[in-house]
Amino acid sequence: MPLRRKKWTEEEERCLIDRYGEMCLDGTLSKMKTREKKYRPIAAHVNALHHSVDPSTYPFQWSWKDASTKVQNMRHQYLLVKHKIRRQRPPQSSDGHDEAASVEDLDEFDWIDGLSYWPNFLRYKGVFGDHPLEEEETVPEAVEAEEMRRRRRRRRRRWGAVDRWRVRMEAAAVGHRAAVERAAARAVEEQRGFVGQVVGIVGQWAAAAVGGGGGGGGGGGDDGGSPFVSDMVHHLNGIVHVEHRMDGHDDDDQFIVDDG
């Protein structure tokens, strides 16, 4: 089921504007320093007479923000109608005198015509009168302004801490990435060196094999082996020698046999 749009009934609007007008006349509203303090009792008054009595007919319980917004909307509507009923000033006569100045009972606004735009216009005229819209909105509310400044400062501090943490994390990530790249570069370089050694050994073997095959076919004898084989044996002996030394063995190690 779609949510119903919150809408003031005509009875609630009348109750709201009447209560607002009463508090304006007795000076109660001007003593309040914040919008919440001004409109909370007005909203409570409307709710007590309508929603609390008949919630099915008046389903909405209005907050002080709802009441404040509604009053401002009423004031806007009143001023719009007031602008429409402003009488046009007649042009000046040929002798330079303003003809309107000679009509003492001519009002600037046609108040009765306002009823054609808004049936409750005169009711709102009695409340808002000739006060401009900006009057209430420009009243300095030091408490609310100070609270807003504190909230903005706290918000800036929170975001500043988040920014500093993000900078530290990004710097750590950059350092880690650089270390990984250096380690990868070393691994690639070592792998290239190993592959180069293997290629060199295979190249020597191939050259020796070709040279041995073209030496006249005398493959026998004690020295008849390929020079490459000797190189390979020497190379492998060197590797084994290094491995023995790494394991803690030495060329002078001997096995002692006890004959007794």
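The text that follows walks through the structure, step by step, so that each part is easy to find. Predicted model, so just to flag it, every value in this text is computed and none were measured. (Residues numbered from 1 in each chain as written. Predicted model: local features only at pLDDT ≥ 70, side-chain atom pairs only at ≥ 80, totals over all residues. Heavy atoms only, no water.)

1. Quick word on the overall build of the protein chain
Point 1. Across its full length, the protein chain carries nine helices and zero strands.
Point 2. Shown N-terminal to C-terminal, the secondary structure of the protein chain runs as helices and strands in the order α-α-α-α-α-α-α-α-α.
Point 3. A burial count over the protein chain gives 19% of its 260 residues as buried.
Point 4. The contacts of the protein chain with a sequence gap of at least 6 include a subset with a gap of at least 24, amounting to 69%.
Point 5. When the accessible surface of the protein chain is summed, it comes to about 19,900 Å², and 55% of that surface belongs to carbon and sulfur atoms. (Helix = DSSP H or I, 4+ residues; strand = E, 2+ residues; numbered from the N terminus. Buried < 20%, exposed > 50% of the residue type's maximum accessible area, 1.4 Å probe, protein only. Contact = heavy atoms within 4.5 Å. Areas by Shrake-Rupley, 256 points an atom, 1.4 Å probe, with all protein chains shown as cover.)

2. Quick look at the pattern of salt bridges
Point 1. Tallied over the full model, the rule gives eight salt bridges.
Point 2. A salt bridge links Arg-14 to Glu-10; the nearest nitrogen and oxygen atoms lie 3.3 Å apart. With a gap of four residues between them, Arg-14 and Glu-10 both fall in helix α1 (residues 10-25), about one helical turn apart.
Point 3. Relative accessible area serves as the criterion here: at 32%, Arg-14 is assigned to the partly exposed category.
Point 4. Taking the shortest distance from any N to any O, the salt bridge between Glu-22 and Arg-19 comes out at 3.2 Å. Here Arg-19 and Glu-22 lie together in helix α1, a separation of three residues that amounts to about one turn.
Point 5. Residue classification places Arg-19 among the partly exposed positions, given a relative accessible area of 28%. (Salt bridge = Lys/Arg side-chain N within 4 Å of Asp/Glu carboxyl O.)

3. Notes on the packing of aromatic side chains
Point 1. One pass over the structure, following the stated rule, counts nine aromatic pairs.
Point 2. Centroid distance Tyr-20 to Tyr-39: 6.2 Å. Interplanar angle 5°. Geometry classified as stacked. One end of the pair, Tyr-20, is in helix α1; the other, Tyr-39, is in helix α3 (residues 35-49), with 19 residues separating them in the sequence.
Point 3. On the accessibility criterion, Tyr-39 (0% relative accessible area) is buried.
Point 4. Pairing Tyr-78 with Phe-121 gives two aromatic rings, centres 5.3 Å apart and planes at 20°, and the pair type is stacked. Of this pair, Tyr-78 sits in helix α4 (residues 64-84) while Phe-121 sits in helix α6 (residues 121-128), and the two are 43 residues apart along the sequence. The two residues Tyr-78 and Phe-121 agree in class, both being buried.
Point 5. By way of ring pairs, the aromatic residues Tyr-20, Tyr-39, Tyr-78, Phe-109, Trp-111, Phe-121, Tyr-124 and Phe-128 are connected into one cluster.
Point 6. When the ring centre of Trp-111 is taken as origin, the NZ or CZ atom of Lys-125, which lies over that ring, is 4.5 Å away. (Phe/Tyr/Trp six-rings, centres within 6.5 Å; stacked < 30°, edge-to-face > 60°. Lys NZ or Arg CZ within 6 Å of the ring centre and 35° of its normal.)

4. Brief notes about the side chain of Arg-75
Point 1. Take Arg-75: it is sitting in helix α4.
Point 2. Among the residues examined, Arg-75 registers a relative accessible area of 4% and is labelled buried.
Point 3. In this structure the side chain of Arg-75 is engaged in a polar contact, spanning 2.8 Å, whose partner is the side chain of Tyr-20. (Polar contact = N/O pair within 3.5 Å; in protein donor to acceptor, adjacent residues only side chain to side chain.)

5. Quick notes on a nonpolar patch on the surface
Point 1. Taken together, Phe-194, Val-195, Val-198, Val-199 and Val-202 make up a surface patch of nonpolar side chains, about 440 Å² in accessible area.
Point 2. Examined against the element boundaries, Val-199 turns out to sit in helix α8 (residues 142-213).
Point 3. Judged by relative accessible area, Val-199 falls into the exposed class, the value being 54%. (Patch = residues over 30% accessible without salt bridge, like charges linked within 9 Å, V, L, I, M, F, W, Y side chains within 5 Å.)

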